[in-house]
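# Architecture at a glance
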Amino acid sequence: TWHLKKIPQIVRERTFSLDSPKFEAKPTLELNSVCGIECQRKLPVPSLSDLKDLLSYETVFENGTRTLTEVNVLGAVLDPAANTTTRRPLRKKRQIYGTDSRFSIYDKRFMTNFPFNTAVKVSTGCSGILVSPKHVLTAAHCLHNGKDYVKGSKRLRVGLMKTKSRGNGRKRKGAKRNGLPSFQWTRVKSTHIPKGWFKGVSGDIALDYDYAILELKRPHKRKYMELGISPTIKMMPGSMIHFSGFDNDRSGQLVYRFCSISDESNDLFYQYCDAEPGSTGSGIYLRLKEPNKKKWKRKIIAVYSGHQWVDINGEQQDYNVAVRITPLKYAQICFWIHGNDGNCTQG
C-alpha cells in the first residue's frame, strides 16, 4: 500500500540573479562517484543548515539568465538511523547483467498509452518522465556536470512520443515505419537543479541530488505520472521497480524493464536493471494499492541516475544507481511544479 507521509515544507527565502552560465560542459554518461555504498553508510545525517544549502536551487531560463533561490526547510525530521542499509550479496557485473532482459515496445497501443506514454526524450541525450501538464523530471547530470551546464542545454527541448502522424493517412516523406516512435519536440522554458548537485557545495558530485525539473514552454494533454515517496525495499512487492527510456543502443525505440533492487541507502537504490546510456533520467515507478481502496496506482519513486562505479570495501564495483524520492525531495520537486507548498503537504 502507498503510505501517506507528512511532508516537510520548502519555503522560498530569497532569489538572486547570477551570471549567465557558459553552457560548455561535456555531457557525462558514466559517473565515477567516490562515495559508494560503504561510504554512503558512514555519511553523517545533514543538519538543518546543510539541508537549506543542499536544497537551495538554481533556475536557468530559456534566454540564458540564471537565478539562485535560497530556501528554508520546515518540519524536517532528521533521522540518525536513516542511512543504515539492508545488505544483499554483492556481485561484479557490467551494464547488461547476464541475459538482456529489456523489452522494446513497438506496439503503438502500448507506446501511446499510460504508463509508457509518460516517458520522454531530452535533447541532451537522456530520458525523462512527465510529472505534470508542464513539467518533466530527469537527472541533473543530463544538464549540468557539477561545474557548468552541458553543451546543448541552452536550447533544451523535450520530445514527447507522437500518437499519430498528421495528414490523411499517407506516409509523409521520411516518416518512420516499423512502429518506432516519432517525437513532437517542445522547448523548455526553465530548469531547476538542487544546489546539492554542484561540486562547490559538496566537494564532490553528490549523487543524492542527481535530479532536475524542466518546465515546458507549452503544456501537453497527456496523462502524466504522480510523484510518490520511495518506500524501503521491504515494502515493495518483490522489491521490483519498473522504468522505460530511450537506450542509445536501441535507437528510436522505447525500452521497458523491471528488476529487483539489490541494496539501498537513505537516498539511493542500487540495482542491476539492464540499462544503457540514454535511459538515464527515466522515472522509476512502482504499482501499489491506494490506502483504503481496491485501486492500484503507479507513482514515480526514484530517478534513474545511470551506471556507476562505486567504492566497496576498497575496490571498484559497478551498479546501476537511482536517486530515491525522499519526503524532502518530494517537497522540493512538488514546490517546483506548483510554485507553492500548499499542494505538497501529503505524499
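Right above here is the structure, for reference.
Because the structure is a prediction, the values reported are computed rather than measured.

This part is about the environment of Ala-212. Within the secondary structure, Ala-212 is located in strand β11 (residues 212-216). Linking Ala-212 and Trp-336, residues 124 residues apart in sequence, is a C-alpha distance of 9.7 Å. Once you skip the residues sitting within four places of it in the chain, Ala-212 turns out to touch Val-136, Leu-137, Thr-138, Ala-139, Ala-140, Leu-143, His-192 and Ile-193.

All right, on to empty space enclosed by the protein then. Tallying each qualifying case throughout the model produces five cavities of 30 Å³ or more. A volume near 100 Å³ is recorded for the largest cavity. In this structure, the largest cavity is lined by 14 residues; those nearest its centre are Val-60, Ser-153, Lys-154, Leu-156 and Thr-191. The set of elements that each furnish at least two residues to the lining of the largest cavity consists of β3 (57-61) and β10 (183-194). Looking at the lining of the largest cavity element by element, the count peaks at four residues for β10. Class assignment of the residues belonging to the lining of the largest cavity gives a composition of seven nonpolar, three polar and four charged.

For helix α5 (residues 327-338), built from 12 residues, the straight-helix expectation of 16 Å at 1.5 Å per residue is met to within 8% by its first-to-last C-alpha distance of 16 Å. Across the 12 residues of α5, 10 count as buried, placing the element largely inside the fold. For α5, the full list of buried residues reads Leu-328, Lys-329, Tyr-330, Ala-331, Gln-332, Ile-333, Cys-334, Phe-335, Trp-336 and Ile-337. Of the residues one or two after α5, Gly-339 is the one with positive phi, at around 80°.

This paragraph deals with the side chain of Lys-329. As for its position among the elements, Lys-329 is in helix α5. Engagement of the side chain of Lys-329 in a polar contact is seen with the backbone oxygen of Asp-208, the distance being 2.8 Å. Within the structure, the side chain of Lys-329 is placed 2.6 Å from the side chain of Asp-267, a separation counted as a polar contact. Setting aside its immediate chain neighbours within four residues, Lys-329 contacts Asp-208, Tyr-209, Tyr-211, Asp-267, Val-323 and Arg-324.

Right, let's talk about the packing of aromatic side chains for a bit. Two aromatic rings are characterised by how far apart their centres lie and by the angle between their planes. Counted by the stated rule, this structure contains eight aromatic pairs. Between Phe-183 and Phe-246, the ring centres sit 5.2 Å apart and the planes meet at 75°, which makes this aromatic pair edge-to-face. Remark: Phe-246 occurs in the loop between β13 (240-245) and β14 (254-264) and Phe-183 occurs in strand β10; sequence separation between them is 63 residues. No difference in accessibility class separates Phe-183 from Phe-246, as the two residues are buried. Among the aromatic residues, those joined into a ring-pair cluster are Tyr-57, Tyr-209, Tyr-211 and Trp-336. Of note, Arg-157 hangs over the ring of Trp-185, and the distance from its end group to the ring centre comes to 4.7 Å. Sitting above the plane of the Tyr-209 ring, Lys-329 keeps its charged end 5.5 Å from the centroid.

Moving on, we come to the pattern of salt bridges. What the rule picks out here adds up to nine salt bridges. One salt bridge in this structure joins Lys-217 and Glu-62, with 3.3 Å as the shortest N-O distance. With Lys-217 in the loop between β11 and β12 (226-227) and Glu-62 in the loop between β3 and β4 (66-74), this residue pair connects regions lying 155 residues apart in the sequence. For Glu-62, a relative accessible area of 27% corresponds to the partly exposed category. Between Lys-329 and Asp-267 there is a salt bridge whose closest N-O contact spans 2.6 Å. Pair noted here: Lys-329 is in helix α5 and Asp-267 is in the loop between β14 and β15 (268-271), with a separation of 62 residues, a long-range link. What emerges from the salt-bridge pattern is a single network uniting Glu-62, Arg-187 and Lys-217.

The next thing to look at is the nonpolar core. Grouped together as the largest cluster of nonpolar side chains are 67 residues, with contacts concentrated most on Leu-137 and Tyr-211. In terms of residue count, the dominant contributor to this core is α5 (eight residues). Ile-233, Met-236, Ile-241 and Leu-288 belong to the second-largest nonpolar core, a separate cluster that totals 16 residues.

Rules behind the numbers
- Residues numbered from 1 in each chain as written.
- Predicted model: local features only at pLDDT ≥ 70, side-chain atom pairs only at ≥ 80, totals over all residues.
- Heavy atoms only, no water.
- Helix = DSSP H or I, 4+ residues; strand = E, 2+ residues; numbered from the N terminus.
- Contact = heavy atoms within 4.5 Å.
- 1 Å grid on protein atoms, 1.4 Å probe; cavity = no way out; pocket = protein on both sides within 12 Å on 5 of 7 lines; lining within 4 Å.
- Points joined across faces, edges and corners; volume = space filled by probe spheres on them.
- Nonpolar A, V, L, I, M, F, W, Y, C, P; charged D, E, K, R; others polar.
- Expected span 1.5 Å × (residues − 1).
- Buried < 20%, exposed > 50% of the residue type's maximum accessible area, 1.4 Å probe, protein only.
- Polar contact = N/O pair within 3.5 Å; in protein donor to acceptor, adjacent residues only side chain to side chain.
- Phe/Tyr/Trp six-rings, centres within 6.5 Å; stacked < 30°, edge-to-face > 60°.
- Lys NZ or Arg CZ within 6 Å of the ring centre and 35° of its normal.
- Salt bridge = Lys/Arg side-chain N within 4 Å of Asp/Glu carboxyl O.
- Core = buried A, V, L, I, M, F, W, Y, C linked by side-chain atoms within 4.5 Å.

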